[in-house]
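Listed below, chain by chain, are the residues.
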Amino acid sequence: MGTTASQLGKDLLSEYQELTFLTKQEILLAHKRFTELLTKDEKDLPNTRIPMERILTLPELKSNPFRKRICHVFSTSEQKDGSLTFEDFLDLLSAFSDSATLEIKSHYAFRIFDFDDDGTLDCGDLEKLVNCLTGETDDTRLTPEEMRQLISNILEESDIDKDGTVNLSEFQHVISRSPDFVSSFKIVL
Amino acid sequence: MMKRRFEWLQEVQGDNQEEEQKEELHEENMKSLACLSVGMEVDAVADSGSEEEARRRSKNRRAKPQRRAKQVSDDEEDEEDEDEAPRKRGRKKKARPRDSDEDDEEDSRSVKSKGSKASRRKAAKEESDEESEEDRGKKKKGGRVVSKKEKEEQNQEKKGNGKGRGGKDKDGEKDKKKKNGRMSSSSGSESDEESMSEGEIAALKEQVEEKKKLIATLRNKPWRMKRRLVLLKEAQEFVEKFEGALGKGKGRRLYAFKVMMTKKLIKFKRDFENFKTACIPWERKIKEVESHFGSSVASYFIFLRWMYGLNLVLFGFMFGLVVLPEVLMGLPYGSIPRKTVPREEQPTAMDFSVLFDFGGYCKYSILFYGYYNNLRTIGLLQFRLPLSYLLVGVGIFGYSLMVVIRTMARNSNEGGDGAEEGEFTFSWKMFTSWDYLIGNPETADNKFASITTSFKESIVDEQENQKDENIHLRRFLRVLANVMILCCLGGSGYLIYFVVKRSQEFAEMKSEDLSWFEKNEVEFVMSLLGLVCPPLFETIAELEDYHPRIALKWQLGRIFALFLGNLYTFLFALFDEVTAKLESEKSIKNATEWALNEYYANYSSFFNTTDIPPPAVNPADVVRGPCWETGVGIEFVKLIVSDMQVTYLTILIGDFMRAVIVRFLNYCWCWDLEAGFPSYGEFDISGNVLGLVFNQGMIWMGAFYAPGLVGLNVLRLLCSMYYQCWAVMACNVPHERVFKASRSNNFYMGLLLLVLFLSLLPVVYTIMTLPPSFDCGPFSGQEKMYDVVMETIEQDLPSFIGNIFTYATNPGLIMPAVLLMVLAIYYLNAVSKGYQQANMDLKRKMQMARDEEKNRRNNKDSTNQVMKDLEDLLPNKSLIPPPTEEEPPPPDVVIEKGGKSPKMKPGAAGKGVNLQKDVSLAAPNPRGPVTRAPGPRGGLPGNARGPQPGPGRGRGRSDLRR
């Protein structure tokens, strides 16, 4: 623990505390977990990116159907390969932490669900979302008919301006009334 | 000093005027170009009006420093700024490269996230603010101060100038409009600057405060970490730099000190926060369980932890105020009869079997009521133990009640408005059904399955709205299930009654004749019922086919009824026992008194003296009453212990052994044990929660008669935490239908509150009505237990308090007080109903506003081509007087709509037509609607909608500029 603290630097640590919803212990733990993912020679370099594949080996993300999306959303990588720096990683944990506000959470949830990154949830996004939620196996998949019905129901409910897509404000409107979004949109190391 | 400043000012002014003239010329040249660009921009950008302006301003600001380097006097102008001239020029000269830069950046970002556009705009605005502040800061550092008057003069000059120019402009109105907007948006900063000389410090302070606020809220912004880091550093630097500069002379030091203290305080607070989170026990354990089993199982452990905390506090009260004083200052063991094991029990008092039944030394120990002495004050401190005992006994209830209610209120506050159930069922299922905490592939698979099922179910529901025959069958099954469960409850109640009656018969026999089973029959039967009935209920509940979350509540309610019935049957039996004991006690008391009188009479007649020493009898040999309080305490302790044994054994056998067998016999068995019949156990949330709640109820009831019970319970909860965490991780599998805990937490709390109330009743009843034993416990010798309080009031407090108390307890006063409370309740109830009504109205209004908005949008959609043409044809749209705060109806939106309309589904379009008809009735003026959404969702719909506006607009703008 002591070594990680010294690695992170006191100022930086306090700044991270200022900027995230994480406590000192959580940041240190995150740092520890993050450095565990680094290979030997990467450890010496500052600001290394961890490729998405290695991030996804974390047990907290392993069984999450949105794991790739999560990485992509939080990645600042130029190549769009979903690789994360430590700061990206902290961003991720902060958004998924216990004390993050509904607004932050819903914002990131929206971006995670927005598979084609076009700023709205259109039919394609919703379809992908349903497929993520129902798992990879065929027996849990919905039939095309069911899918169509489901998506049209969802748009009926939450597409307030009737433009055929769900945008961020509509999404937040729906989410903010949900009783258990905040309690389930959590990832804890 | 003053003089120098004045001189300098004059100089500056001179420069300024010169410069202005130059600028006039310059401007004339630029004007045509500028107008063009401005006009275009208005068209392109109007929908995001103020934000866009803010951005422009920021560009302008960015351009400033460089110019300042060239001409000092230019600064003044910039400062009061917000005039077209410098703005336009600034943009043209410097901002262009930057602008395109920004656009690039924007584009690249917008690919990633269109959704965050609004927030980025905000960011831009803030950035601009910041820069302006930075500018100002630099100026201040330079030590230049401009007097207010002169500034105002300049200002006016400028304004006149601007207006003149505006009149010339073709798009004059537009400009003014924009200026208006800008004025309003930037009025804050302007006013700051105008009052610079007087309110310089105040302004600076304000800025510093703003920065601080920014620092505090930075984490709420969904930006990249890098960006936030940069912002934070800038803000912090600014604060650092100018915090010290504030204040003069004496005030300065004080201010610096204050600032330092606040900094320290913040740091301390943060450290304390960290410390607090570090102190929360079992956080990691619970998280681990949570990640394997989802939040519902974890909610049990969180509840357990909460209960542990509560019990720790109760234990603190009990131990600190009752047990410890008696141990430290009271008489030692063996000094008086109540603290000594009676002679006939002494041979067996140390036997394990006796101790295990809490007889022998246990019975005459600090654990139970009987041990405490009735001396009014003990020790050097004159500690009033009896009073303290009573107050702690009642205080435990008070504290628990307060804590439970507070927690409930907090939980329900967090619950928000609860929303209209059923409005967003599909969307919620879609967007919020995944539990991100799940980190276990097995659980994830279960979750996938359950989500699919729920999707399918809801689709089927939606499609055929349930079949009639189905519903009849279901209703029948539900009624049947309830009847069966009622039978079970009745049967268990009767069984307990029967057993208790039998135990009373046994109690009259000698204990040597009874077997172990006969002695412990009541506890045994109660534990057995608690063990058998819940699974039975669960099996019956299968018939009902509720959603698991609802099923859980039903299950909880039924088990609750069972436990409650059992507990109260037990209590009534106990009361019978107590009355029997009271009678026997009365006879013993009479006998003792008679013997004592005899002894005194004999002594005085024999020795012929009135100075009689107390009879010299060994305390172990004194005849004593049954001490019903200790008896009750022992019953409760026994109950708790047997309950604990049963729980732990169930886990050990039902979960652990089962898991071991299933795991290791699976290789050599004829069918698949893991998937087939026994399989692994699931964690029984409802049973465990109720066990905990009832256990707590018994603690509350028993704590008065057995002060050691609270300590015992703390130990038990501690063990449970580790043991159950281990058991759940080692031998349970996740629920087949994983569901989230949602707010059942408050449901648990509600149960707890009910149990608390129910356990309060018997205790208060005994305190108020039953006479305490004459020879044991802190209240011996009193008529009633509460006489201790009376006695204290009469003897130790000043007489007027006693008087007050007498008046207060007068029925004449109590009745009006009760009446008043009833009235207050009635009033509050009425008020809350009024609020509810208002809430409903507001909701309805919001709904209506939403519908209206929808209609209007649709209206636009269907007629947008026509509308667009119309807009284009209109000679000058700007003739419509613009509201100061709002933007003019943006044509841009219409264009965007046009682009979208092909995407519309046919169904929606059809609806749109219908709705349009409605609207045409409701709102004849199609231009009326403002594209801003009303209220909370303000600003967003316009900005964050489509892919088109962002890049398209940006490109258009930059093209024009080139």
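Just so you know, these numbers come straight off a predicted model, no measurement behind them. (Residues numbered from 1 in each chain as written. Chains lettered and ligands numbered in written order. Predicted model: local features only at pLDDT ≥ 70, side-chain atom pairs only at ≥ 80, totals over all residues. Heavy atoms only, no water.)

Here we look at a negative patch on the surface
As a reminder of what qualifies: Patch building starts from residues that exceed 30% relative accessible area and form no salt bridge, then joins like charges within 9 Å and nonpolar side chains (Val, Leu, Ile, Met, Phe, Trp, Tyr) within 5 Å. Working definition of accessibility: Shrake-Rupley area with a 1.4 Å probe, residue cover restricted to the visible protein chains. Counted as salt bridges are all cases of a side-chain nitrogen of Lys or Arg within 4 Å of a carboxyl oxygen of Asp or Glu. Charge convention: Lys and Arg are scored as positive, Asp and Glu as negative, and His as well as the terminal groups of each chain are ignored. Working definition for charges: the position is that of NZ of Lys, CZ of Arg, CG of Asp or CD of Glu. Comment: elements are numbered from the N terminus, with helices defined as DSSP H or I runs of at least four residues and strands as E runs of at least two.
A cluster of acidic side chains, namely Glu 442, Asp 445, Asp 672 and Glu 674 of chain B, defines a negative patch on the protein surface. Relative to the assigned elements, Glu 442 of chain B resides in helix α16 (residues 441–464).

Overview of a nonpolar patch on the surface
Residue and element names in this part refer to chain B. Among the surface-exposed residues, Leu 649, Leu 652, Ile 653, Met 657, Ile 661, Leu 665, Trp 669, Trp 671, Phe 677 and Trp 726 lie close enough to one another that they form a single nonpolar patch of about 1,000 Å² accessible area. If one sorts the elements of the nonpolar patch by residue count, helix α21 (residues 628–665) sits on top with six residues. Residue placement: Ile 653 occurs in helix α21.

A short note on the UniProt feature "transmembrane region" (unreviewed entry) in chain B
So the rule is basically this: UniProt positions are given in the numbering used here, feature names are shortened, and annotations may be inferred rather than shown by experiment.
Here, the residues flagged by UniProt with the feature "transmembrane region" (unreviewed entry) are residues 354–372, 387–405, 479–500, 555–575, 698–719, 747–768 and 804–828 of chain B. End C-alpha atoms of residues 555–575 of chain B are separated by 30 Å, and the span's content is 100% helix alongside 0% strand.

A closer look at the state of the cysteines
Residues and elements named next belong to chain B. Operational definition: Any two cysteine sulfur atoms within 2.5 Å of one another count as a disulfide. Throughout, exposure labels follow a simple rule: accessible area from a 1.4 Å probe, protein chains only, divided by the maximum for the residue type, with under 20% read as buried, over 50% as exposed, and the rest as partly exposed.
This structure, assessed with the given rule, holds one disulfide over all chains. Residue pairing for Cys 627: its cysteine sulfur links by disulfide to Cys 776, the two sulfurs lying 1.8 Å apart. Taking the torsion about the sulfur-sulfur bond, which here is approximately 95°, the covalent link between Cys 627 and Cys 776 counts as right-handed. With Cys 627 in the loop between α20 (548–607) and α21 and Cys 776 in the loop between α24 (744–769) and α25 (787–796), this pair connects stretches of sequence that are 149 residues apart. Of the two residues, Cys 627 and Cys 776, both sit in the buried class.

Here we look at helix α8 (residues 102–113) of chain A
Short version of the rule: Here, expected helix span is obtained from the residue count minus one, scaled by 1.5 Å.
Compared with an ideal rise of 1.5 Å per residue, which puts twelve residues at 16 Å, α8 of chain A spans 16 Å between its outermost C-alpha atoms and is within 8% of the ideal. All of the buried residues along α8 of chain A are Ile 104, Lys 105, Ser 106, His 107, Tyr 108, Ala 109, Phe 110, Arg 111, Ile 112 and Phe 113 of chain A.

With respect to the side chain of Glu 635 of chain B
Residues and elements named next belong to chain B. Basically, it comes down to this: Any two residues whose heavy atoms approach within 4.5 Å at even a single point are treated as in contact.
If you trace the backbone, Glu 635 turns up in helix α21. Buried within the structure, Glu 635 lacks any salt-bridge partner; its nearest side chain of opposite charge belongs to Lys 638, at an N-O separation of 4.4 Å. Each residue touching Glu 635, except ones within four places of it in the same chain, is listed here: Glu 523, Phe 570, Leu 574 and Glu 577.

Considerations on the interface of chain B and chain A
Operational definition: Accessible area, probed at 1.4 Å, shrinks when two parts are joined; the buried area is that loss added up over both. Distance and chemistry together define a polar contact, namely a pair of N or O atoms within 3.5 Å, with one atom able to donate a hydrogen and the other to accept it when in protein, and with adjacent residues in sequence counting only for side-chain atoms on both sides. Any residue outside Ala, Val, Leu, Ile, Met, Phe, Trp, Tyr, Cys, Pro, Asp, Glu, Lys and Arg is labelled polar, Gly included; the first ten of those are nonpolar and the last four are charged.
On the chain A side, the residues contacting the 79 residues of chain B number 85 residues. Note on chain B versus chain A: buried area summed over both sides is about 7,700 Å², and carbon and sulfur give 59% of it. Connecting chain B to chain A are zero salt bridges. Counting every contact that joins chain B to chain A gives zero residue pairs in polar contact (both at pLDDT 80 or more). When grouped by side-chain class, the residues that make up the side of chain B that touches chain A number 31 nonpolar, 18 polar and 30 charged.

Notes on the confidence of the model for chain B
Residues and elements named next belong to chain B. Where we set the bar: Every residue is assigned a pLDDT by the predictor, reflecting its confidence on a scale from 0 to 100.
Per-residue pLDDT for chain B has a mean of 69; in total, 63% of the residues score no lower than 70. In this model, residues 27–195 is a region of pLDDT below 50 whose contacts with residues beyond four sequence positions or in other chains number 264 contacts. Note on residues 416–420: pLDDT under 50 across the span, and six contacts to partners over four residues away in sequence or across chains. Overall fold confidence (pTM) sits at 0.63, and the ipTM for the predicted complex is 0.85.

As for the nonpolar core
Residue and element names in this part refer to chain B. Defined as follows: By nonpolar core is meant a set of buried Ala, Val, Leu, Ile, Met, Phe, Trp, Tyr and Cys residues that side-chain atoms within 4.5 Å join together.
Formed by 102 residues in total, the largest nonpolar core has its most connected members in Phe 301, Phe 303, Phe 636 and Phe 704. The leading source of residues in this core is helix α11 (residues 283–329), at 16 residues. Among all residues touching Phe 301, those that are not within four sequence positions of it are Ile 286, Val 289, Phe 683, Met 721, Gln 724, Cys 725 and Val 728.

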